[in-house]
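Coordinate inspection notes
Each chain, letter by letter, is given below.
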Amino acid sequence: MRLRAIVAIINPVNKADKLETMRHSASHVMAGAVLSLFPDARFGIGPAIEDGFYYDFDLPRSLTPEDLPVIEERMREIIKADLPFRHRELPRDAARKLFAAQPFKLELLDEIADDKAGVYEQGDFVDLCRGPHVASTGEIGAFKLTGIAGAYWRGDEHNAMLQRIYGVAFKSQPELEEHLARLEEAKKRDHRKLGRELEIYMFDDEVGPGLPLWLPRGGAIIEEIEKLAKEMEFKYGYVRVRTPHITKEDLFKRSGHLPYYADSMYPPMELEGVKYYVKPMNCPMHHKIFSSRSRSYRDLPVRIAEYGECYRYEKSGELFGLMRVRSMQMNDAHIYCSEDQFEQEFASVVFLYLEYFKIFNITEYYMRLSTHHPSGLGKKYVGNGAMWLKTEDMVRQAMKKNNITYDEVPDEAAFYGPKIDVQVKSAIGREFTLATNQVDFSQSESFDLKFINREGKEERPLIIHRAPLSTHERLIGFLLEHYGGAFPTWLAPVQVRLVPVADRHIGHARGLEAELKGRGIRAEVDDRSERMNLKIRQAQMDKVPYMLVIGDKEAADNSVSVRRRSGEQVPPQPFAAFLASLSEEIAAKA
RNA sequence: GCCAGCGUAGCUCAGUGGUAGAGCAGCGGUUUCGUAAACCGCGGGUCGUAGGUUCAAAUCCUAUCGCUGGCUCCA
């Protein structure tokens, strides 16, 4: 959302479509409405964004949801009046006078390169704006104000907080309503709702915010994902380790976490005069394992993997269901390689992502290269400008050579190096980094990591941090929405629900359950004294892939009547046949 | 962390100054049933927590905790 907003500001509209222009104009109309209600309002910016627009205001009082209909009403009047948007170019000084009472506009004026300031005017409202706009307010289609939010001026938390009003706008009322209906639909897929309904995970006030408890069904999913990760990592030459959750302060001083990452760490505990921190990342421990013995170039690359449990003190307002938590289990690994191995290793990690994404049928994502910004050297980023440029270019090369497309975003890197993130969207449209692949040229130095190269000399390895399966928390949160709770059979917490028609069939059903479990299949008998219809309905709501109805016929000839989650009824078949095809489906992760 | 809104039973929600409600879930019973909700009955909440105002607070005020929508920040 934030990124898109910025894009909308920097690339205004000249070649953009009419819809975007109309949305931008709608934001001006909203500003005009706010001005008429609050004559002392000060104006920030008001761009078009995906599906709509917003405008930021500094107002004498806080807005409440009740204000929105009033503003909407005023907007309708302005639209009905069909006021023309008048465009003028003013010399900077004249614009200064015009916006003398508008400190935010004055700040923007200071940054305009040439001496001309574009101004748009409709009715009483005059705004500093590059445009373009629709010809008159009457051209604005159907809109709705959707929310009020605080937003820092220019997105900087050190600046004043303005009040932002969000709106959506479409050409026609039906399109607007369709959009609103889509949002309602998306809410049903929200992982927080599904997670509760399907009993995947929970939070508890006494345990603490951002600290999920995985319920048995979530636990089953975690087991499957870890199994997959272990198979893949074994296949691709990783070795697995386990490391402690807490370590002495010294380690994180050395790693650079304390100078650069302390804000996101739980405060230390002190024992016998020594401070211990809970780990926010696994890397320092893996580095210690790498340097636990001397390494030859023949050993490289060394790929050390661990499902590491980390704790990060995310600020309270940043927590979001499973997608942003304080305790997390990370699909972590560190690859130590030589410079000439880097491209190959980096690319093969990206290919590993793609292999995983194929398994999960993840198609909607984009890759993002995050680079440093020179102004952050020594503050946000470790200070070695030359290495930043060099490694950033190595990543670009690795991506380009393998024809992998990506967006490049400056000033978003990790403190120790550039990274490729895989961005996905949650059901409600919020963007998240799912997987990440990061270069690290810094900790190699600080941990004095080395290997003996072909010439018999010591050389520093490059480090790749990677987490293709993200954390269990974020991945499963994402998958819940991705599958709408209907996990593919291999991942489904309950794969088979046995539904006895009457109590006398429970014994036979239990026998089948035992056979299924013997094959590692998650099966359970619904042995409650309820009608079969109810059991079917609940299995459907639990999104169990297979329901086996067991009655007299089935018990007599050891067959099963199969109902799929889709509602499809498969003709009765021998239990052995079902077992075979189910095992095959699970093995294929279909 | 910041701005705003919201916290009533396990879940979804009604109740805005006068003794806490519904549906689902749960429990007990009846029913033994063929592919998305059988029937009858019962229990369950110091209304997030702590103060305050009032004869009287779920309802008004303050603080605090949590959640939600954004901002900031991120796997």
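Calculation criteria
- Residues numbered from 1 in each chain as written.
- Chains lettered and ligands numbered in written order.
- Predicted model: local features only at pLDDT ≥ 70, side-chain atom pairs only at ≥ 80, totals over all residues.
- Heavy atoms only, no water.
- Buried < 20%, exposed > 50% of the residue type's maximum accessible area, 1.4 Å probe, protein only.
- Helix = DSSP H or I, 4+ residues; strand = E, 2+ residues; numbered from the N terminus.
- Pairing = 2+ DSSP bridges.
- Axes fitted to C-alpha atoms, helices over the stretch in contact; angles between N-to-C directions.
- Parallel < 35°, antiparallel > 145°, perpendicular 65-115°, else oblique.
- Left-handed = near helix turned anticlockwise from the far one by under 90°.
- Contact = heavy atoms within 4.5 Å.
- Nonpolar A, V, L, I, M, F, W, Y, C, P; charged D, E, K, R; others polar.
- Patch = residues over 30% accessible without salt bridge, like charges linked within 9 Å, V, L, I, M, F, W, Y side chains within 5 Å.
- Areas by Shrake-Rupley, 256 points an atom, 1.4 Å probe, with all protein chains shown as cover.
- Salt bridge = Lys/Arg side-chain N within 4 Å of Asp/Glu carboxyl O.
- Phe/Tyr/Trp six-rings, centres within 6.5 Å; stacked < 30°, edge-to-face > 60°.
- Lys NZ or Arg CZ within 6 Å of the ring centre and 35° of its normal.
- Core = buried A, V, L, I, M, F, W, Y, C linked by side-chain atoms within 4.5 Å.

Another aspect to go through is the pairing of strand β3 (residues 52-58). Extensive coverage of β3 is indicated by the burial of 6 of its 7 residues. As paired strands, strand β1 (residues 42-43) and β3 are joined by 2 bridges and run antiparallel to one another. Along β3, the bridge assignment pairs Phe 43 with Phe 57. Sheet analysis places strand β2 (residues 48-49) next to β3, joined by 2 bridges and oriented antiparallel. Opposite Ile 49, over in β3, you have Gly 52 as the bridge partner. Hairpin connection, β2 to β3: the antiparallel pair is bridged by 2 residues, and Asp 51 has positive phi, about 70°. Relative to strand β8 (residues 161-170), β3 is paired through 6 bridges, and the arrangement is antiparallel.

With 10 of its 11 residues buried, helix α15 (residues 472-482) lies for the most part within the structure. Within α15 the residues assigned to the buried category are His 472, Glu 473, Arg 474, Leu 475, Ile 476, Gly 477, Phe 478, Leu 479, Leu 480 and Glu 481. In the stretch just after α15, Gly 484 is the one whose phi turns positive, near 55°.

Here the focus is the packing of helix α16 (residues 506-518) against helix α19 (residues 575-587). Where α16 contacts α19, the axes come no closer than 11 Å and their chain directions differ by 30°. Comparing the axis directions of α16 and α19 gives the class roughly parallel. Classified by chirality, the crossing of α19 by α16 is right-handed. Residues Leu 512, Glu 515 and Leu 516 of α16 pack against Phe 575, Phe 578, Leu 579 and Leu 582 of α19. Across the contact of α16 with α19, the residue classes break down as 6 nonpolar, no polar and 1 charged.

A cluster of nonpolar side chains, Met 202, Val 207 and Leu 213, forms an exposed patch at the surface whose accessible area comes to about 200 Å². On the secondary structure map, Val 207 appears in the loop between β9 (201-202) and β10 (213-214). Relative accessible area serves as the criterion here: at 38%, Val 207 is assigned to the partly exposed category.

Across the sheet, which stays open at both edges, the 5 strands sit in the order β25-β24-β26-β27-β28 with mixed pairing between neighbours. Every interior strand has two partners, whereas the edge strands, β25 (523-525) and β28 (569-574), have only one. On average, each strand axis in the sheet is inclined to that of its neighbour by 25°, with strand direction left out of account.

Applying the stated rule across the entire model yields 24 aromatic pairs. Aromatic pair Tyr 266 and Tyr 313: ring centres 5.1 Å apart, planes at 90°, arrangement edge-to-face. Of the two residues, Tyr 266 sits in the loop between α10 (257-261) and β13 (269-271) while Tyr 313 sits in the loop between β15 (302-311) and β16 (327-337), which places them 47 residues apart along the sequence. Exposure remark for Tyr 313: the relative accessible area of 36% places this residue in the partly exposed category. The rings of Phe 43, Tyr 55, Phe 57 and Phe 125 are connected pair by pair, giving a single aromatic cluster. The ring of Phe 170 has Arg 23 lying over it, and the distance from NZ or CZ to the ring centre is 4.9 Å. Over the aromatic face of Trp 490 sits the side chain of Lys 589, whose NZ or CZ is 5.1 Å from the ring centroid.

What follows concerns the nonpolar core. Of all hydrophobic cores here, the largest spans 92 residues; its most connected members are Phe 346, Phe 360, Leu 479, Val 496, Leu 498, Leu 516 and Phe 578. The element best represented in this core is helix α12 (residues 339-360), accounting for 9 residues. Other than its neighbours up to four places away in sequence, Phe 360 contacts Leu 228, Leu 469, Leu 475, Leu 479, His 482, Tyr 483, Trp 490 and Leu 491. Ala 33, Phe 43, Phe 53 and Met 75 belong to the second-largest nonpolar core, a separate cluster that totals 31 residues.

Another point: unusual backbone geometry. Cis geometry marks the peptide bond from Leu 300 to Pro 301; its omega dihedral reads -5°. Tracing the chain through its elements places Pro 301 in the loop between α11 (283-290) and β15. Within the chain, Asp 51 stands out as a residue other than glycine whose phi angle is a positive 70°. Counting through the fold element by element, Asp 51 comes out in the loop between β2 and β3. What makes Asp 51 partly exposed here is its relative accessible area of 26%. Phi is positive for Lys 589, which is not a glycine, with a value near 50°. Relative to the helices and strands, Lys 589 resides in the segment after α19.

Glancing now at the sheet that holds β15. Backbone hydrogen bonds hold the strands of a sheet together, and the pairing may be parallel or antiparallel. Spatial ordering of the open sheet is given by β11-β15-β16-β23-β20-β19-β17-β18, a layout of 8 strands whose pairing is mixed. Every interior strand has two partners, whereas the edge strands, β11 (239-240) and β18 (407-410), have only one. For β16 and strand β23 (residues 462-467), the ladder comprises 5 bridges, and the chain directions are antiparallel. Counterpart to Ala 333 in the pairing with β23 is Arg 466. Packing against the sheet, α11 makes contact with β15, β16, β20 (431-440) and β23, and its axis sits at approximately 35° to β16.

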